[in-house]
Structures are given as structure tokens and as C-alpha cells.
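Overview (structure and organization)
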Amino acid sequence: MTAAPTLADRRSFLGYFAGLGLGATLFPGVLWARVASGIEVNDAAIVAAAEIAGLTFSEDERKQMLAGLKGQPQTLAALRAVPLDNGVAPVLVFDPLPSMTELPKGVSRAPVRSKAATRSVPSNLEELCFEPVTVLSELVRTRKVTSTTLTHMYIARLRRLDERLKCVVTFTEDRALRQAADADAEIARGKYRGALHGIPWGAKDLFAVKGYPTTWGSAPFKDQQFNEDATIVQRLDAAGAVLIAKLTLGELAMGDVWFGGRTNNPWKLDSGSSGSSAGPGSATAAGCVGFAVGTETLGSISSPSSTNGVTGLRPTFGRVPRTGAMALVWSMDKIGPMARSVEDAALVFNALHGPDGRDRSCRAAPFSWDAAAPLARIRVGFVKSAFDSTERHPLKAFDDAALDVLRKLGSPLVPVELPDAPYNAMRIILEAEAGAAFDELTRSGRVREMAQQGPNAWPNTFRRAHLIPAVDYINANRIRALAIEKWADLFKSVDVIVTPTGAANQLIATNLTGHPACIVPNGLRDGTPANISITFLGSLFGEANLLRVAHAYQQATGFHLSHPALG
């Protein structure tokens, strides 16, 4: 039985629908409430529900509808009697490719890395904490530093700083030390698995790890465990990486507040780290892991990367399998690395991408990282109106400087504009799918156990989702298809587009169309990254070009080498 909405619940509803121009008279008798509660549907309920949907029916039409709707409680009860685990995806699978378009051909090749970086081993190993994977991997490969000592260092640092950062849900120390010992033994025998072998990392706590809680950052799920590792955990295990902790996420993948409090920004501890990949952003920036893996539905890699001054890669939709990851929005969820450099992100992505045979959205497409690929072969565009906008003052100087750097790199920048579409209206896709993903949580009433309960928090969004007409959800996806075609036309003239991260509509548009993005730090203001970042957008499955341009920019600027002073 559905838990009855509280007065606070109804007020949250009222505020939302008042913003749509709908009145309070809708609420006692909407079809959703009556059908869900088993109350008989009557004419007044149809009138109210039609008003929410923006429709008007005559008295005769309502009489005809009433006969069919009287049986709807039984139909819905039959559906709701079937248990639906969060991991059960709909049979409808989103495809970001436009019509008449094929996946890229070819095979993935082994990464071509930058010249191996070398450095001496400090007497205090913690001085290595901010080194990128490209440096750490050479120390481990050449056995100047063991994975075990590196793992002990990062775990100790993470335990010490987590009192201030609140970025860890669960330490996986026993597992990590076993993995590190195995890595050391293999490398001593001459078996080297690649750049991630022996490197400590952290996982956003919506990835299943056998033997440990997977809390999704939310009190109703804080004790749940799964009997199988998520695919990305299995793949990083196979690459020899060492998982040291499950890192925080804003509960159910929104924001930076979880059941244990707020995850903090290591640059400014009195501020949140943003989210929902809050822990991965905070821990990576603080030098507490070699790299981390997060997820994005609508900004959850982009925002914490920008806030914490780390490099984030949001891959093309369907690039990385989501098996074993919490589902929020099946047609928008994406998995990607958060690291200290673009090349680090490329090396991690190299281990993650490709189908697993279980996530039906995941596609096979080649990826070959070449740190020295000629930039002259890559066509780069820039969003002219976003860079021209005076609304971004005082960040405009950082934006303009970024274009100057790219021009000096020899990129003949092509002015472009992002396709126009009602992107914000299409947010109902996110709300409807998220409401379905957590329908049982809402109906049971346990949604009230979540840490955040305001009008813009998940509990109210989940309740609102029940009032989105199915017809409008389908039509929003049809409009999404039109947007995808427009974006396909845009990428006929360029391979990569640079844009201010905060440019109007770019974030929601590219999350809806499934395009990849790489977010890199772009300077400091008042001693912090302060959301000063630049974003590189790529064509679908075009991560190689995207990362190559972002890498060149990062090497020319060095903003990623700045770190917070935490002690």
C-alpha cells in the first residue's frame, strides 16, 4: 500500500505545480493518488488529472474514460506485485546515434603514452600523493616503490583527512592490501599489467563491491550488500588497480550531502565538494587516491571536477557498462574517471570501455589513446556566443585566455553555436525514469528517511514523477531524437568543441544527446579552482580526439598541477 503523503509532501507538490500555473484544487483528487491508494476514480479526479496534463475533456468524454479507469487500480496492482530490483532495466534502450549512422570501425590499440615521467623516491612517501598515474605507474613498474607501500600511504592519508573531508563511506583496506601484495608479486615475476597495475583508487559508492556495503549514499540503503562486483570494479581488478575505499556520493546520486553529512571541498573546507560524485572529486583533489571513478546523469562528474579542480571524463553514453552500478536514469547514466590529468583519465578509460554482454546499452567501438597524435588532424570549434557573453564576468578572462592558448597550439578554431532545443523541458525524461527507478522507495514511505526533503530534493522529485503523463515522456524522447540529429549536423564540421563549463544549456544538452566531455581545471581565483574550468566536447565515440585536444591544452597550461594545502 502506498504511504499517504504528509502535509509537507503536499506543500512541496503545491509549490512545484504552482510554478506551472496549476492550483491547489488539484491535489485531493488527482488520479495518481486515487489509483495508487485503491480509492475509486470519479469524475472530479479525471478533471484534476487532465488539468495537470494540460488537457480538457467534455462531460461525455469523461464518462467514456471513467469505465476504463475504474479497472485501472487492479491493473496497476498486478504490475506492482512484481518485485523490481534496481538493476532491472527497461526493454527500451536509448541509442545516442543519429539515424543512418554506424559505429566507428576498427579495433582498439594499446595506449601510446607520453614519455615516461621519472622522479626520485622521497624519504617521506606522502610527498608522492599528488603525483599523477603517469608518474606513479613508472615508480611501481620499475619497483622503486611497491604497491603495498603506496597503498599504505594513501589509506593513511585518506583516514587522516577524511575527518575533515567526509569523502569516505567504507574503507576496503583488507581487500586493498591483498591486491597490492598480489601486484607486487606479479611485477617481481615480470608480469606487468599496464599503467594501472598497483595504483590505489576509489570508487563512488554506487558501484557494487562484494563483501562491502553499497549504500548509494542514502540511509534506506546503508546496509545493503551485493554478491558480485560491478563490471567496472572487475575490469580495474583485472588491470591490477587497488581499490582502497568506497567514496561518498550525494544520496541517490544528487548533490554532496549523504547520510553521513556533507562531503567537503579540500580547497575550501567550509564549502561542499558538489556532486553527485562528491567523494571522487574531493579525494582525488586532496591527493588521497591515485584516481577515482564516478558517474554522471546530469553534471555529476562535470560539477565536482570543476569545483575541486580535477580532470573529469564523461564518456559517450553506452561506452562503459553500468552492470552493478545503481540505476538512476537508464537513458542518461554514464560512468567515467576523475583524475589528476587528462592522460590519467585516458588510461583509466582504456581499462573501462567496451560491452560486458549484460548492459544492453553498451556498444563496441574502438578507443586508442595516443598522447602524441598530431593536433593538426583534429578540427576544433568553440561556442562563440558563450565566450562572447558578458554574463560570465568575472570568469570571462579565464575563458578568453583558454582560447588564446588553443590558438597558440595551432588549432584553427571554428566558431559554432549549440543547437537550439527545449532542453530544460526534456528534464521530464530524467524525472520520470528516476521516479521509476525508486518507485518502491516512494510507495513504501521510506523515501522520508532520506537526508534531504526540500522541494528540489529527490523525495519530492520522485513523487512528482507519478504525475508526468506517459505520452509526454514519450514525446520528450521524440524531441530528443530531433536534438540528436541537430548535434550530428554540428559535428560534421568539427571533431571537438571547447566551451566554458557553465555555458547555457551545454551540460543538459550533451547529457541528453549522450556526447562525451572532458572537464579540466582552468586557473585559480582567490586561491581555489572556484568552478574555473573549461570543457571539451567530443563527437559520439570520439573520446580519442577529445582527450588529445584536452591533453595538449593541459600540458600547455599546467593548471592541473595546483593542489590544496591540507597538510
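Computed from a predicted structure; not experimentally measured. (Residues numbered from 1 in each chain as written. Predicted model: local features only at pLDDT ≥ 70, side-chain atom pairs only at ≥ 80, totals over all residues. Heavy atoms only, no water.)

A cluster of nonpolar residues, Val82, Leu84 and Val88, forms a patch on the protein surface that exposes about 290 Å² of accessible area. Within the secondary structure, Val82 is located in the loop between α5 (72-80) and α6 (133-141). (Patch = residues over 30% accessible without salt bridge, like charges linked within 9 Å, V, L, I, M, F, W, Y side chains within 5 Å. Areas by Shrake-Rupley, 256 points an atom, 1.4 Å probe, with all protein chains shown as cover. Salt bridge = Lys/Arg side-chain N within 4 Å of Asp/Glu carboxyl O. Helix = DSSP H or I, 4+ residues; strand = E, 2+ residues; numbered from the N terminus.)

A few words on the side chain of Thr535. Relative to the helices and strands, Thr535 is located in strand β15 (residues 533-538). Overall, the relative accessible area of 1% leaves Thr535 in the buried class. Of note is the side chain of Thr535, whose polar atom sits 2.7 Å from the side chain of Thr501. What Thr535 contacts, discounting residues up to four positions off in sequence, is Ile497, Val498, Thr499, Thr501, Gln506, Ala517, Cys518 and Ile519. (Buried < 20%, exposed > 50% of the residue type's maximum accessible area, 1.4 Å probe, protein only. Polar contact = N/O pair within 3.5 Å; in protein donor to acceptor, adjacent residues only side chain to side chain. Contact = heavy atoms within 4.5 Å.)

Turning our attention to the nonpolar core. Residues Trp201, Phe207, Leu252, Phe291, Val293, Phe438 and Phe536 are the most contacted members of the largest nonpolar core, which totals 132 residues. Apart from the residues lying within four places of it in its own chain, the contact partners of Phe291 are Val133, Leu196, Ile199, Pro200, Trp201, Gly202, Leu236, Ala241, Thr284, Met338, Ala339 and Val348. (Core = buried A, V, L, I, M, F, W, Y, C linked by side-chain atoms within 4.5 Å.)

Residues of helix α4 (residues 59-69) that are buried include every one of Arg62, Leu66 and Leu69, and no others. Down the axis, α4 shows its buried residues gathered within 70 degrees of arc, on one side only. Across α4 from its buried face, at more than 90 degrees, point the exposed residues Asp60, Lys63, Gln64, Ala67 and Gly68. (Arc of directions from axis to C-beta.)

With that settled, the discussion passes to the pairing of β15. In terms of burial, β15 is largely enclosed, as six of its six residues are buried. Side-chain alternation along β15 places Ser533, Thr535 and Leu537 on one buried face and Ile534, Phe536 and Gly538 on a second face that is also buried. Examined bridge by bridge, strand β13 (residues 496-500) and β15 share five bridges and lie antiparallel to one another. Looking at β15, one finds that Ile497 is bridged to Leu537. Where strand β14 (residues 517-521) lies against β15, five bridges are found, and the strand directions are antiparallel. Note on β15: the bridge partner recorded for Ile519 is Thr535. (Pairing = 2+ DSSP bridges.)

Right, let's get into the layout of surface pockets. Taken as a whole, the second largest pocket holds about 720 Å³ of empty space. If you go around the second largest pocket, you meet 37 residues; those closest to its centre are Pro104, Ser539, Phe541, Gly542 and Asn545. Of all the secondary structure elements, the ones that give two or more residues to the lining of the second largest pocket are α18 (470-490) and α20 (543-557). The element contributing the most residues to the lining of the second largest pocket is α20, with four residues. Tallied by class, the residues present in the lining of the second largest pocket amount to 20 nonpolar, seven polar and ten charged. (1 Å grid on protein atoms, 1.4 Å probe; cavity = no way out; pocket = protein on both sides within 12 Å on 5 of 7 lines; lining within 4 Å. Points joined across faces, edges and corners; volume = space filled by probe spheres on them. Nonpolar A, V, L, I, M, F, W, Y, C, P; charged D, E, K, R; others polar.)

With omega at 10 degrees, the peptide bond leading from Gly275 into Ser276 counts as cis. Relative to the elements of secondary structure, Ser276 occurs in the loop between β7 (268-272) and α10 (278-285). Its identity is not glycine, yet Leu252 carries a phi of approximately 50 degrees, on the positive side.

Attention now goes to the packing of helix α12 (residues 342-352) against α20. The N-to-C vectors of α12 and α20 enclose an angle of 155 degrees; their axes lie 8 Å apart at closest approach. Classed by the angle they form, the pair α12 and α20 counts as roughly antiparallel. In this structure, α12 contributes Val342, Glu343, Ala346 and Phe349 to the contact, and α20 contributes Glu543, Leu547, Ala550, His551 and Gln554. Classifying every residue of the contact of α12 with α20 by side-chain character gives five nonpolar, two polar and two charged. (Axes fitted to C-alpha atoms, helices over the stretch in contact; angles between N-to-C directions. Parallel < 35°, antiparallel > 145°, perpendicular 65-115°, else oblique.)

Backbone-to-backbone hydrogen bonds pair the strands of a sheet. The strands run either parallel or antiparallel. The sheet built from eleven strands is open, its strands ordered β1-β3-β2-β8-β10-β9-β14-β15-β13-β11-β12 with mixed pairing. In the strand order of this sheet, the two ends are held by β1 (168-171) and β12 (414-416), each with one partner. Direction aside, neighbouring strands of the sheet carry axes that sit 25 degrees apart on average. In the packing of helix α8 (residues 173-188) onto the sheet, the strands contacted are β1 and β3 (242-247), and the crossing angle to β3 comes to about 160 degrees.

Taken as a whole and assessed by the stated rule, the structure comprises 13 aromatic pairs. A ring pair is formed by Trp458 and Phe462, whose centres lie 5.2 Å apart and whose planes are at 10 degrees; its orientation type is stacked. Residue Trp458 and its partner Phe462 are located together in helix α17 (residues 458-465), separated by four residues, close to a single helical turn. Per residue, the accessibility class of Trp458 equals that of Phe462, and both read buried. Here Arg159 stacks its cationic end above the ring of Phe171, 4.0 Å away from the centre of that ring. Against the face of Phe94 rests Arg480, its NZ or CZ located 3.8 Å from the ring centre. (Phe/Tyr/Trp six-rings, centres within 6.5 Å; stacked < 30°, edge-to-face > 60°. Lys NZ or Arg CZ within 6 Å of the ring centre and 35° of its normal.)

Moving on, we come to the pattern of salt bridges. Evaluated as defined, the whole model comprises 27 salt bridges. One salt bridge in this structure joins Arg363 and Asp95, with 3.0 Å as the shortest N-O distance. Here the residue Arg363 occupies a position in the loop between α12 and β11 (380-383), and Asp95 occupies one in the loop between α5 and α6, the gap between them amounting to 268 residues. The exposure class of Arg363 is partly exposed, given its relative accessible area of 24%. Two residues, Asp229 and Arg175, come together in a salt bridge whose shortest N-O distance is 3.2 Å. With Asp229 in the loop between β2 (200-204) and α9 (231-238) and Arg175 in helix α8, this pair connects stretches of sequence that are 54 residues apart. Just as Asp229 is buried, Arg175 falls in that class too. The network of salt bridges with common partners includes Glu126, Arg157 and Arg160.

Examined against the element boundaries, Gln224 turns out to sit in the loop between β2 and α9. Reaching out from Gln224, the side chain makes a polar contact with the backbone oxygen of Thr214 at a distance of 2.9 Å. In this view, Gln224 contacts Tyr212, Pro213, Thr214 and Trp216; residues no more than four positions away in its chain are not counted.

This next bit is on the packing of helix α3 (residues 43-52) against α4. Close contact between α3 and α4 brings their axes to 10 Å; oriented N to C, the two are set at 105 degrees. Between α3 and α4, the crossing angle belongs to the class labelled roughly perpendicular. Of the residues in α4, those touching α3 at Asp43, Ile46 and Val47 are Arg62, Met65, Leu66 and Leu69. Taken together, the residues that form the contact of α3 with α4 break down as five nonpolar, no polar and two charged.

Geometric descriptors of this kind do not, in isolation, establish any biological role.
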